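Per-entry structural report
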Amino acid sequence: MPSSTGHAVRAVLAVLLCAFAATPAAATARADSGTDWTARPAASGAATRTGDDGGRPYFYLEGPPGTVLQDRLAVTNPGRAPVTVRLRGADAYDAEDGESAVRGSKGSTGTGAWLRLAADRVTVPARTRAEVPLSVTVPTSAPPGDHPGAIVAESAGRSVGVRVHLRVSGPTLAALTVEDVTVSGRTIHYTLVNRGNAALAPRLAVSADGVFGTLLRREARTLPVELLPGQRAKLTEPWRDVPALDSVTVRLRVSAAGGAHSEATGSAVLVPWAPVTELTAGAHGDYRISLRSGTKVLAEQPWGVGRP
């Protein structure tokens, strides 16, 4: 469990080096390339004593405004030559396609700006793990809720992002909307917007109705995206058996933990673009287009052709 304190943390310049067992010889070629290093949260004290790696895929830090939270980053080099890794903090955000991304070195104003590493560059000897202390100073003015960030580690043309999930104590609001529902071809397009201050794992239910009844029913399922506070994601839903000719209404219902929920609809008139008939030159007047299946008329549409 990361510790917290109410006063500033002194910069720690020393890097703790811990030897670890060598990897099998089968990985030698990859290790020698200098790109097989890893970066992840360091194991807790109990895990270190038992030989476990701790199993933390990301940092989770929580505290009220004005506190300092501490942890350690482990950089492991299984190769046979030293590796120098550059380190920096960054804000994390969701791109429009729902994928996670991080700010550049100058673009952070949240967790990335509040995070300090004991060293911004570490050289890890062969078959060694280096542990770099880090601290996050939560401003007294920081609003409650989730503030996503990351530690970016870079070396030998390779970049790794280690997620930092910072939650500032206080009231949290889960608010989610679904917007801009449209149908194009065999795809439903829509936008999800996180309007609260907590990260959300949205669930989506889809339905569609046409002139003759139900066309599509999909029960709620969790989407493979995490929507960060204030973020907007443009997503799609496949609809392979969309009708060729119909007037449809698509309804999307979204929900998330904390009581967040929203609903939106979109309408579309689906018309096949295949030519129905060919008129002779100069033909005009009122016509009626019919769509048939065998001898059965499925739909009819009036069509007026003016005099040339």
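Residues numbered from 1 in each chain as written. Predicted model: local features only at pLDDT ≥ 70, side-chain atom pairs only at ≥ 80, totals over all residues. Heavy atoms only, no water.

Here's the deal with the overall build of the chain
Scanning the chain from terminus to terminus reveals 3 helices and 21 strands. Considering only contacts in the chain between residues 6 or more positions apart, those separated by 24 or more positions represent 65%. For the chain, the exposed area adds up to about 17,200 Å²; of that, 52% sits on carbon and sulfur atoms. (Helix = DSSP H or I, 4+ residues; strand = E, 2+ residues; numbered from the N terminus. Contact = heavy atoms within 4.5 Å. Areas by Shrake-Rupley, 256 points an atom, 1.4 Å probe, with all protein chains shown as cover.)

Quick word on unusual backbone geometry
Unlike most non-glycine residues, Ala156 shows phi in positive territory, near 55 degrees. Tracing the sequence through the fold places Ala156 in the loop between β11 (145-155) and β12 (158-168). Even without being glycine, Asp180 reaches a positive phi, approximately 55 degrees. Mapping Asp180 onto the fold places it in strand β13 (residues 176-184).

Some words on the confidence of the model for the chain
Of all residues in the chain, 71% attain a pLDDT of 70 or more, and the chain-wide mean is 80. Every residue in residues 1-31 scores below 50 in pLDDT, and together they form 51 contacts with partners more than four places removed in sequence or on other chains. (pLDDT = per-residue confidence, 0-100.)

Considerations on the sheet that holds strand β18 (residues 246-256)
Read across the open sheet, the 4 strands follow the order β16-β15-β18-β19; overall the sheet is antiparallel. At either end of the open sheet lies a strand with only one pairing partner, and these are β16 (213-222) and β19 (260-270). The sheet shows a mean angle of 10 degrees between the axes of neighbouring strands, direction not considered. Pairing analysis gives 7 bridges linking strand β15 (residues 203-210) to β16, with the strands arranged antiparallel. Following the sheet pairing, Leu204 is matched in β16 by Arg221. (Pairing = 2+ DSSP bridges. Axes fitted to C-alpha atoms, helices over the stretch in contact; angles between N-to-C directions.)

Examining the packing of aromatic side chains
Tallied over the full model, the rule gives 0 aromatic pairs. The ring of Tyr58 has Arg163 sitting right over it, with the charged end atom 4.8 Å from the ring centre. (Phe/Tyr/Trp six-rings, centres within 6.5 Å; stacked < 30°, edge-to-face > 60°. Lys NZ or Arg CZ within 6 Å of the ring centre and 35° of its normal.)

Side note on the pattern of salt bridges
Evaluation of the coordinates by the stated rule reveals 12 salt bridges. Ionic pairing is found between Glu263 and Arg251, a salt bridge with its closest N-O pair at 2.7 Å. One end of the pair, Glu263, is in strand β19; the other, Arg251, is in strand β18, and 12 residues separate them in sequence. For Glu263, a relative accessible area of 42% translates into the label partly exposed. Bridged by salt links that share partners, the residues Arg72, Arg129 and Glu131 form one connected network. (Salt bridge = Lys/Arg side-chain N within 4 Å of Asp/Glu carboxyl O. Buried < 20%, exposed > 50% of the residue type's maximum accessible area, 1.4 Å probe, protein only.)

Comments concerning the pairing of strand β10 (residues 128-137)
Counted residue by residue, β10 has 8 buried out of 10 residues, so it is predominantly covered. Pairing geometry for strand β5 (residues 68-77) and β10, over 10 bridges, is antiparallel. Bridging across to β10, Leu73 finds its partner in Val132. Relative to β10, strand β8 (residues 115-117) runs antiparallel, the two sharing 3 bridges. In the sheet register, Arg116 faces β10, and the bridge partner there is Ser135.

Some remarks on a nonpolar patch on the surface
Nonpolar side chains collect at one region of the surface, where Leu245, Val269 and Val271 lie side by side and expose about 260 Å² of accessible area between them. Looking at the element boundaries, Leu245 is found in the loop between β17 (232-238) and β18. We classify Leu245 as partly exposed; its relative accessible area is 33%. (Patch = residues over 30% accessible without salt bridge, like charges linked within 9 Å, V, L, I, M, F, W, Y side chains within 5 Å.)

Brief notes about the sheet that holds β17
Pairing is antiparallel across the open sheet formed by 3 strands, whose spatial order is β13-β14-β17. Lying at the two open borders of the sheet, with one neighbouring strand each, are β13 and β17. Between one strand and the next, the sheet's axes are offset by a mean angle of 20 degrees, whatever the strand orientation. Pairing geometry for β13 and strand β14 (residues 187-194), over 7 bridges, is antiparallel. Across the sheet, residue Thr182 finds its bridge partner in β14, namely His189.

What to know about the environment of Arg121
Note that Arg121 resides in strand β9 (residues 121-124). Residue Arg121 is classed as partly exposed on the basis of its relative accessible area of 48%. Residues Arg121 and Thr84, spaced 37 residues apart in sequence, show a C-alpha to C-alpha distance of 6.9 Å.

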